[in-house]
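Spelled out, the chains give:
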Amino acid sequence: MQLSDEEEEYNLSLSKFESMLKTNKVLFFDSEEFEEIILHYLDMGKTALAKKALKLALEQHPKSTGLKLVQVEMLIYDDKLEIAEKLLNELYAIEPTNEEIYIQKANICSKRDQHEKAVEMLKIALDYTDDYADVYNLIGMEYLFMDNLELAKESFIKCLEEDFEDQSALYNVVYCFEFLDQNQDAIAYLNKYIDKNPYSEIAWHQLGRLYYGVKEYESAIRAFDYATLIDDEFLGAFMEKAKALERLKKYELAIESYNRTIELDDATSYALLRIGKCYEKLGNKVLALKFFNRTVHEDPLLDKGWIAITDFYVRQKNFQKALFFVNKALAIDNQNRLYWKRFATINKQMNFFEEAEFGYRKAVEFGDYQLDTWLFWVDILQFLGEFESAVQTLLQASEYFPEENEVEYRLAGLYFMLSDTTKAKFHLSNALRLNFDNYVLIEDLFPVVWAKKTVRNYIDKHKKQ
């Protein structure tokens, strides 16, 4: 690829400057060359070289406004805001119509969290600038800092009207629409944008994402197809397209699209997992298992991979294999509540009740507060005859589910088992109030309690009220 004259001059300036540093010879550069050199080093994160270049630049061009504005930028970067402000005021006295002065004043205000004042400065900059797109973009960012998404969106739209190829503004305007829950408006906007700029793969990709979000999967696939036609290495578009195809149960095509992402880059655990899921949906258990195994090999810390293998064997009712894999997962991460819940469920299926009780206890300990986890745990404690522990567990569960009839029925049954009739009747009364028809839980879970005529009479009496 041939470089333009400007690019060649730019590269020559950089080479000349770096050669000067090595030889300690002082060479002359014009002020614009220095500006480009300094900004290049800043963009590269080489601040020491940028400062060295600035020092030499100001020695050769002490009156250059452009270089002094670069100096201001570096002072702001170093949080030397007072010095930067003083220098800006001096420059303002010389060039009050220089838009960069207002942009840097806005930058200082923004650093001080004075975002409204920053917007005021940027609006003044609009009166003097030729680069409206850049200033509108900066205004949009200030509104984002203020959490004013509506005005931010308007500013990014104005930026795109000035420069429809500004990709950061395009991403930001879509972000604003989504944050404001205006997905249909975003779709309408992007369709208009694409009419003006039909070869923007970013716009097509974002449009596809939005269609996917509103469950218009056919439209999403069409948009992703355009994105990949424009850029046949657009990994994100192939990935999103595969997800949409999965939603439409077009599993063979989804596999093709996921495989394309693997061709473009190293296989990701996510793509391998989804391919495995697609093969499982197609009934190809051998390939499904192969890809689940590749998933955990690629990323042993991805819990979804281990869960996919474990659940695969559970569905096959091969509980020994399922237990083997969930134990492997726990050996890698023994604080994962999803693993512990499956460990408990599998052991319960195999009638290893003490292990199951331990698994549910660990799942809750590591943050699984779902109702079914509490109830499975309690039912096993009851089965093991640990009524006091079951009561304590239910009381803990009731803090998360204070008006849950299934918790109340179990408490009633357990208190009857412990011969604490007062508490038993209190919780039975609560349970009947919350869901009368569910009294069958007493019959199912506590047949000894159900056999007592006093309990059935209490329920009948409540029904008549």
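What you are looking at is a predicted structure, and each value in this text was computed from that prediction instead of being measured.

What counts and what doesn't
Residues numbered from 1 in each chain as written. Predicted model: local features only at pLDDT ≥ 70, side-chain atom pairs only at ≥ 80, totals over all residues. Heavy atoms only, no water. UniProt positions renumbered as here; feature names shortened; annotations may be inferred. Helix = DSSP H or I, 4+ residues; strand = E, 2+ residues; numbered from the N terminus. Contact = heavy atoms within 4.5 Å. Buried < 20%, exposed > 50% of the residue type's maximum accessible area, 1.4 Å probe, protein only. Phe/Tyr/Trp six-rings, centres within 6.5 Å; stacked < 30°, edge-to-face > 60°. Lys NZ or Arg CZ within 6 Å of the ring centre and 35° of its normal. Axes fitted to C-alpha atoms, helices over the stretch in contact; angles between N-to-C directions. Parallel < 35°, antiparallel > 145°, perpendicular 65-115°, else oblique. Left-handed = near helix turned anticlockwise from the far one by under 90°. Nonpolar A, V, L, I, M, F, W, Y, C, P; charged D, E, K, R; others polar. Core = buried A, V, L, I, M, F, W, Y, C linked by side-chain atoms within 4.5 Å. Patch = residues over 30% accessible without salt bridge, like charges linked within 9 Å, V, L, I, M, F, W, Y side chains within 5 Å. Areas by Shrake-Rupley, 256 points an atom, 1.4 Å probe, with all protein chains shown as cover. Salt bridge = Lys/Arg side-chain N within 4 Å of Asp/Glu carboxyl O. 1 Å grid on protein atoms, 1.4 Å probe; cavity = no way out; pocket = protein on both sides within 12 Å on 5 of 7 lines; lining within 4 Å. Points joined across faces, edges and corners; volume = space filled by probe spheres on them.

A. Region of interest: the UniProt feature "repeat: TPR" (unreviewed entry) in the protein. According to UniProt, the positions carrying the feature "repeat: TPR" (unreviewed entry) are residues 133–166, 201–234 and 269–302. Counting secondary structure, residues 201–234 comes out at 79% helix and 0% strand; the distance between its end C-alpha atoms is 8 Å. In this annotation, residues 269–302 is assigned 79% helix and 0% strand; the end-to-end C-alpha distance for the span is 8 Å.

B. Structural context of the environment of Ile-76. Position of Ile-76 relative to the elements: it lies in helix H4 (residues 65–77). Distance from Ile-76 to Phe-156, taken between C-alpha atoms, is 25 Å for residues 80 residues apart in sequence. Not counting chain neighbours up to four residues away, the residues in contact with Ile-76 comprise Leu-81, Ala-84, Gln-104, Asn-107, Ile-108 and Lys-111.

C. Main features of the environment of Ala-133. Looking at the secondary structure, you find Ala-133 in helix H8 (residues 132–145). Assessed through its relative accessible area of 7%, Ala-133 is described here as buried. Separated by 36 residues in the primary sequence, Ala-133 and Ala-169 have C-alpha atoms spaced 9.1 Å apart. Contact partners of Ala-133, with chain neighbours within four places excluded, come to Cys-159, Glu-162 and Asp-163.

D. Here's a closer look at unusual backbone geometry. You will see that Asp-113, though not glycine, has its phi angle at about 65 degrees, which is positive. Structurally, Asp-113 can be placed in the loop between helix H6 (99–111) and helix H7 (115–128). Classification of Asp-113 as exposed rests on a relative accessible area of 60%. Its identity is not glycine, yet Ser-419 carries a phi of approximately 60 degrees, on the positive side. Classification of Ser-419 as exposed rests on a relative accessible area of 61%.

E. Summary view of the packing of aromatic side chains. One pass over the full model with this rule turns up 22 aromatic pairs. Judged by centre distance (5.4 Å) and plane angle (80 degrees), the ring pair of Phe-312 and Tyr-313 falls under edge-to-face. According to the relative accessible area criterion, Phe-312 is buried, its value standing at 4%. The exposure class of Tyr-313 is buried, given its relative accessible area of 8%. Chaining the aromatic ring pairs together yields one cluster made of Phe-292, Phe-312, Tyr-313, Phe-324 and Phe-325. Over the ring of Tyr-212 we find Lys-243; its NZ or CZ atom is 5.4 Å from the centre of that ring. Lying over the aromatic face of Trp-450, Arg-456 brings its terminal NZ or CZ to 6.0 Å of the ring centre.

F. Structural detail: the packing of helix H14 (residues 235–247) against helix H16 (residues 269–281). Closest axis-to-axis distance for the H14/H16 pair is 12 Å, and the angle between their directions is 20 degrees. In this view, H14 runs roughly parallel relative to H16, as classed from their interaxial angle. Crossing hand, H14 versus H16: left-handed. Counting all contacts with H14, which are made through Met-239, Lys-243 and Glu-246, the residues of H16 involved are Tyr-270, Ala-271, Arg-274, Lys-277 and Cys-278. By residue class, the composition of the contact of H14 with H16 is four nonpolar, no polar and four charged.

G. Structural view of the nonpolar core. One finds Ile-139, Leu-170, Val-173, Tyr-189, Leu-190, Leu-207 and Tyr-258 to be the most contacted residues of the largest nonpolar core, which totals 89 residues. Once residues lying within four places of it in the same chain are set aside, the contact partners of Val-173 are Lys-153, Phe-156, Ile-157, Leu-160 and Tyr-189. Ranked by size, the runner-up nonpolar core spans 33 residues in total, among them Ala-344, Val-391, Ala-412 and Phe-436.

H. Looking closely at a nonpolar patch on the surface. Where nonpolar side chains cluster on the molecular surface, the patch consists of Tyr-199, Tyr-226, Leu-229 and Ile-230 and spans about 460 Å² of accessible area. When you line up the elements, Leu-229 lands in helix H13 (residues 217–230).

I. Representation of the layout of surface pockets. Volume-wise, the largest pocket comes out at about 310 Å³. Surrounding the largest pocket, 16 residues form its lining, Ile-103, Gln-104, Asn-107, Asp-134 and Leu-138 being those nearest its centre. If you list the elements that add at least two residues to the lining of the largest pocket, you get H6 and H8. Among the elements that line the lining of the largest pocket, the one with the most residues is H6, at seven residues. For the lining of the largest pocket, the per-class residue count stands at seven nonpolar, four polar and five charged.

J. Molecular detail of the packing of helix H2 (residues 31–43) against H4. Two elements in contact, H2 and H4, have axes whose closest approach is 9 Å; the angle formed by their N-to-C orientations is 15 degrees. Put simply, H2 runs roughly parallel to H4. The crossing of H2 and H4 is left-handed. Contacts between H2 and H4 involve Ser-31, Phe-34, Glu-35, Ile-38, Leu-39 and Leu-42 from the first element and Gly-66, Leu-67, Val-70, Glu-73 and Met-74 from the second. In terms of residue class, the contact of H2 with H4 is built from seven nonpolar, two polar and two charged.

K. Region of interest: the side chain of Lys-241. Structurally, Lys-241 can be placed in helix H14. What makes Lys-241 buried here is its relative accessible area of 17%.

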